[in-house]
Amino acid sequence: MDILVVLEDNRGSLHRMSKEAIAGAQKMGGSISALAIGVNADAMAGELSDVDITEVITINHDFVSSYNADGYSDVVSQVIKSESPKTIVAGHSYQTRDFMPRVSAKLDIPFIPDIISMDDGIVKQVLNAKLNALVTTSADQVILSFQSATFSEEAMVTGSCLTRSIEVNLDSSIVRSEAEEPFQEDAGDVDLESAELIVSIGRGIEKEENIQIAFDLAKALGAEVSASRPVVDSGWVEPFRQIGSSGQNVSPKLYFSLGISGAIQHVVGMKGSKNIIAINKDPDAPIFEIADYAVVGDVLEIVPKLIEALNN
Amino acid sequence: MKIAVLVKQVPGSETALPILGNHNWIDEEQVSFVMNPPDNFAIEEALLIKERTGDGEVVIVSMGPARVQKVIREGLAKGADRGIHLEEDGQIQTDPLSIAKSISSILMDENFDLVLSGLQSDDTGMGQTGVLIGEMLGMSTGTLAMETDVQDNAIRVKRELESGWFQWVKLPLPASISIQSGLNTPRYPSLRGIMGAKKKEIKVIPPTDHQTDAISQSIDKVFVSQTSKQTEMIEGDADSTVARIIEILKSELKVL
Ligand SMILES: Cc1cc2nc3c(=O)[nH]c(=O)nc-3n(C[C@H](O)[C@H](O)[C@H](O)COP(=O)(O)OP(=O)(O)OC[C@H]3O[C@@H](n4cnc5c(N)ncnc54)[C@H](O)[C@@H]3O)c2cc1C
Ligand SMILES: Nc1ncnc2c1ncn2[C@@H]1O[C@H](COP(=O)(O)O)[C@@H](O)[C@H]1O
């Protein structure tokens with residue numbers, strides 16, 4: 001086996017990023033096995049039945065019937081030991097962040113996370129997405145995780161694939177944590193997902209007093225207001241207004257971004273926007289890479305003038 | 001409760017990032033450094049846990065060149081009890097396994113009940129160091145904590161999941177937990193704290209006493225990414241910029 005793809009169960013079906021990881025593995029080439037764990041292992045294998053990989057290995061065991069970091073890191077480590085894949089890949093999801101480092105530490109196999117390209121070596125973003133880095137490893141085996149949308153699930157090559165169920169021995173002492181049911185918090189009364197126009201605020205707004213400027217601009221445009229995580233963390237706007245991997249996904253006709261740097265965790269939540277206008281005083285801000293209109297300048301100077309012009 | 005907080009010093013979000021001549025990292029001489037933002041929340045959480053449980057010790061641990069003593073002092077000024085500085089020569093280590101082995105080797109004999117770290121560093125963004133250390137020290141681990149609740153020999157952690165979902169997980173102590181930003185409001189050091197910090201101990205551990213031999217992963221080159229999208233750059237004075245934005249809103253996007 002050249003590549004082992006560790007799949008993720010997203011409430012009964014295959015996580016989107018697992019499909020992207022399969023597409024990535026196919027692009028890398030070699031023999032590919034995928035690993036499905038838990039009560040939904042067979043369902044996940046079913047979703048891949050017409051995909052061109054060698055096999056889906058399924059494991060179901062009481063201690064890993066649903067996700068827990070203790071059980072998963074143990075099971076994945078056991079499979080890596082017995083099957084000896086050269087490369088282990090997964091989507092860079094929150095679940096991967098949670099258990100994959102433990103596999104890395106258990107087996108002393110390096111884990112290179114959050115990869116954005118495999119075209120000319122392994123590339124990840126560094127320094128808050130302002131630079132890219134070429135990462136190399138001298139190890140015989142390596143664990144890789146791909147950032148969302150690095151590969152497209154539509155690129156998955158179809159074909160046929162076998163299913164193989166394997167037994168694992170798990171000691172009951174392995175699972176030390178006790179997880180409660182997942183829940184969602186107050187969704188708020190603003191429907192950002194169906195908003196046509198959104199004005200979004202980042203840390204570039206600088207102070208809580210300045211937040212009003214964004215609301216004034218939104219009012220002049222008939223837009224809703226959203227924000228980046230640091231603005232929410234500071235308590236300047238409500239949590240339900242947060243856009244990004246830990247917030248909402250939006251795809252408005254216009255996303256008007258004010259002083260947002262464009263970190264990937266923010267961008268995943270808004271890159272589907274039809275049009276993006278971004279104001280940022282740093283001409284090299286990553287947000288400009290995905291903007292249609294890149295306004296280099298000071299939000300605090302431009303936006304009040306823009307509101308005035310709109311209101312005339 | 002004996003708590004270690006792992007703190008990394010990273011380039012600030014506003015600093016210039018000139019690339020070195022050999023392209024393998026940035027020229028740190030020209031960079032201004034700050035405490036990795038989530039680590040600041042981790043320190044606050046450690047101090048709050050110490051205050052809530054009424055006793056214990058908070059130890060700031062940082063690995064890096066001499067400059068990192070600044071962020072250790074910052075932690076001490078906020079109220080942490082002592083610091084440990086694992087010295088590194090020259091360029092920072094970019095192999096998480098090596099960093100974790102170094103730090104674990106030093107934390108091993110201290111028998112901490114809790115190790116708090118940031119969920120991700122702003123410079124190398126590996127998102128794993130705290131978890132690696134937890135595993136190496138045989139601790140239970142939890143990531144992306146948005147709230148903590150210490151109980152007898154256990155800690156309950158509200159973990160952030162994707163897309164606005166959360167989950168409470170109860171972990172037996174000792175535990176290593178990575179902290180997501182925003183779970184508390186970090187305090188500023190008081191003047192008294194700053195003065196007091198000068199007298200607190202920072203134990204310096206030379207590279208030979210912690211560094212591991214085998215490095216399995218490294219950053220060989222850093223470079224500016226190329227954009228593929230057609231972007232119109234709008235520069236110039238505020239008035240002409242505003243005029244152009246109005247025109248875009250009206251004629252091109254037709255949203256006015
Ligand atoms: C697991 C994980 C999950 C995360 N989830 C999310 C999420 O859901 N949503 C999210 O947004 N982030 C999330 N983040 C954080 C993310 O990585 C970034 O830190 C965050 O998006 C940065 O927010 P920002 O752009 O507002 O701030 P900064 O990165 O500080 O950027 C501020 C920008 O404003 C510009 N600026 C400053 N002053 C001015 C001015 N006067 N005029 C114009 N421009 C100015 C600066 O040039 C800079 O580009 C997450 C991180 C992790 C690790
Ligand atoms: N050199 C270091 N010294 C101290 N703590 C570190 C170091 N590197 C990483 N950490 C801790 O591990 C967290 C995650 O870092 P990383 O795995 O690099 O994303 C940081 O927020 C710190 O808490």
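Residues numbered from 1 in each chain as written. Chains lettered and ligands numbered in written order. Predicted model: local features only at pLDDT ≥ 70, side-chain atom pairs only at ≥ 80, totals over all residues. Heavy atoms only, no water.

Here the focus is the overall build of chain B. Within chain B one finds six helices and 13 strands. For chain B, the spread of C-alpha atoms along the three principal axes comes to 65 × 45 × 40 Å. Looking at chain B as a whole, 57% of its 256 residues are labelled buried. Within chain B, residue pairs in contact and separated by at least 24 positions form 70% of the contacts whose partners lie at least 6 positions apart. For chain B, the accessible area works out to roughly 10800 Å², and carbon and sulfur atoms hold 50% of it. Put simply, chain B has 25 plus and 37 minus side-chain charges, and the middle of one group is 5 Å from the middle of the other. (Helix = DSSP H or I, 4+ residues; strand = E, 2+ residues; numbered from the N terminus. Buried < 20%, exposed > 50% of the residue type's maximum accessible area, 1.4 Å probe, protein only. Contact = heavy atoms within 4.5 Å. Areas by Shrake-Rupley, 256 points an atom, 1.4 Å probe, with all protein chains shown as cover. Lys, Arg positive; Asp, Glu negative; His and termini not counted. Charge placed at Lys NZ, Arg CZ, Asp CG, Glu CD.)

Turning our eyes to something else, we now look at the packing of aromatic side chains. Given two aromatic rings, one states the distance between the centres and the angle between the planes to describe the pair. On inspection of all chains with the given rule, the structure shows five aromatic pairs over all chains. Ring centres 5.6 Å apart and planes at 75 degrees place the aromatic pair A:Tyr72 and A:Phe99 in the edge-to-face group. Linking A:Tyr72 in helix α3 (residues 69–83) with A:Phe99 in helix α4 (residues 94–107), this pair joins segments that are 27 residues apart in sequence. Taken as a pair, A:Tyr72 and A:Phe99 share a single burial class, namely buried. For the ring pair A:Phe146 and A:Phe151, a centre distance of 4.8 Å and an interplane angle of 75 degrees mean the geometry is edge-to-face. Among the aromatic side chains, those forming a connected cluster through ring pairs are A:Tyr67, A:Tyr72 and A:Phe99. For B:Arg67, the ring lying beneath its charged end belongs to B:Phe33, and the centroid distance is 3.7 Å. Directly above the ring of B:Trp168 sits B:Arg156, whose terminal nitrogen or CZ lies 4.2 Å from the centroid. (Phe/Tyr/Trp six-rings, centres within 6.5 Å; stacked < 30°, edge-to-face > 60°. Lys NZ or Arg CZ within 6 Å of the ring centre and 35° of its normal.)

Once that is clear, we can look at the site of ligand 2. Residue and element names in this part refer to chain B. Contacts to ligand 2 come from 19 residues, most closely from Leu6, Asp39, Ser121, Gly127 and Thr129. Within the contact set of ligand 2, an oxygen atom lies 2.7 Å away from a backbone nitrogen or oxygen of Leu6. Gln128 places a main-chain nitrogen or oxygen 3.0 Å from an oxygen atom of ligand 2. Against a free-state accessible area of 480 Å², the protein chains account for coverage of 99% of ligand 2. (Near = heavy atom within 4 Å. Polar contact = N/O pair within 3.5 Å; in protein donor to acceptor, adjacent residues only side chain to side chain.)

Spatially, the six strands line up as an open sheet ordered β15(A)-β14(A)-β16(A)-β17(A)-β18(A)-β13(B), and their pairing is parallel. Only two strands of the sheet have a single neighbouring strand rather than two, namely β15 (224–227) of chain A together with β13 (232–234) of chain B. Averaged over all pairs of adjacent strands, the angle between strand axes in this sheet comes to 20 degrees, irrespective of strand direction. The pairing of strand β17 (residues 275–280) of chain A with strand β18 (residues 293–296) of chain A spans four bridges and is classified as parallel. In the sheet register, A:Ala278 faces β18(A), and the bridge partner there is A:Ala294. (Pairing = 2+ DSSP bridges. Axes fitted to C-alpha atoms, helices over the stretch in contact; angles between N-to-C directions.)

Glancing now at the site of ligand 1. Ligand 1 sits among 33 residues. The nearest are A:Ser228, A:Ile243, A:Ser246, A:Ser261 and A:Gln265. The residues that come close to ligand 1 belong to more than one chain, namely chains A and B. Separating a nitrogen atom of ligand 1 from a backbone N or O atom of A:Gly204 is a distance of 3.5 Å. Here an oxygen atom of ligand 1 and a backbone polar atom of A:Gly259 are 3.1 Å apart. The fraction of the free accessible surface of ligand 1 (990 Å²) that becomes covered by protein chains is 92%. Of all the elements in the fold, those that place two or more residues in the shell around ligand 1 are α4, α6 (229–233) and α7 (264–267) of chain A. Classifying every residue of the shell around ligand 1 gives eight nonpolar, 17 polar and eight charged. (Nonpolar A, V, L, I, M, F, W, Y, C, P; charged D, E, K, R; others polar.)

Before going further, it helps to spend a moment on helix α3 (residues 96–107) of chain B. Residues and elements named next belong to chain B. Helix length check: α3, at twelve residues, gives a terminal C-alpha distance of 16 Å against a target of 16 Å (1.5 Å per residue), a fit within 8%. Counting buried residues in α3 gives ten out of twelve residues, a clear majority hidden from the surface. Restricting attention to buried positions, one finds in α3 the residues Pro96, Leu97, Ser98, Ile99, Ala100, Ser102, Ile103, Ser104, Ile106 and Leu107. (Expected span 1.5 Å × (residues − 1).)

A few words now on the pattern of salt bridges. By the definition in use, this model includes 31 salt bridges over all chains. Salt-bridge contacts for A:Asp70 lead to A:Arg102; the nearest nitrogen and oxygen are separated by 3.0 Å. In this pair, A:Asp70 is assigned in helix α3 and A:Arg102 in helix α4, connecting sequence segments 32 residues apart. Here the two residues A:Asp70 and A:Arg102 agree in accessibility, since each one is buried. Residues A:Glu180 and B:Arg156 are paired through a salt bridge, measuring 3.1 Å at the closest nitrogen-oxygen approach. On the criterion of chain membership, the pair formed by A:Glu180 in the loop between β12 (178–179) and β13 (183–184) and B:Arg156 in strand β8 (residues 154–160) is interchain, its members lying in two chains. Residues joined in a network through salt bridges with shared partners are A:Asp70, A:Arg102, A:Lys106 and B:Glu135. (Salt bridge = Lys/Arg side-chain N within 4 Å of Asp/Glu carboxyl O.)

Another point: the domain arrangement of chain A. The parts lose accessible area when they come together, and the size of an interface is often stated as this lost area. Residue and element names in this part refer to chain A. Taken domain by domain, chain A consists of domain 1 (3–165) and domain 2 (192–311). Each of domain 1 and domain 2 was reduced to a C-alpha centroid, and the two centroids are 34 Å apart. Interface of domain 1 and domain 2: buried area, both sides summed, is about 600 Å²; carbon and sulfur atoms make up 54% of it. Contact with domain 2 buries area across many residues of domain 1, yet Tyr94, Ala129 and Lys130 alone supply 50% of it, more than any other trio. Where domain 1 meets domain 2, there are zero salt bridges. (Domains from an automatic or database assignment. Buried area = accessible area lost by both parts, 1.4 Å probe.)

Residues and elements named next belong to chain B. When you tally the buried positions in strand β4 (residues 57–64), you get seven out of eight residues, the bulk of the element. Judged from the five bridges that link them, strand β1 (residues 2–6) and β4 form a sheet pairing that is parallel. By the bridge assignment, Lys2 is partnered in β4 with Glu57. Here six bridges tie β4 to strand β5 (residues 82–87), and the two strands are oriented parallel to one another. Bridging from a neighbouring strand, Met63 pairs with Leu86 of β5. Handedness of the crossover joining β4 and β5 through helix α2 (residues 69–78): right-handed. (Right-handed = clockwise from strand over helix to strand, strands pointing away.)

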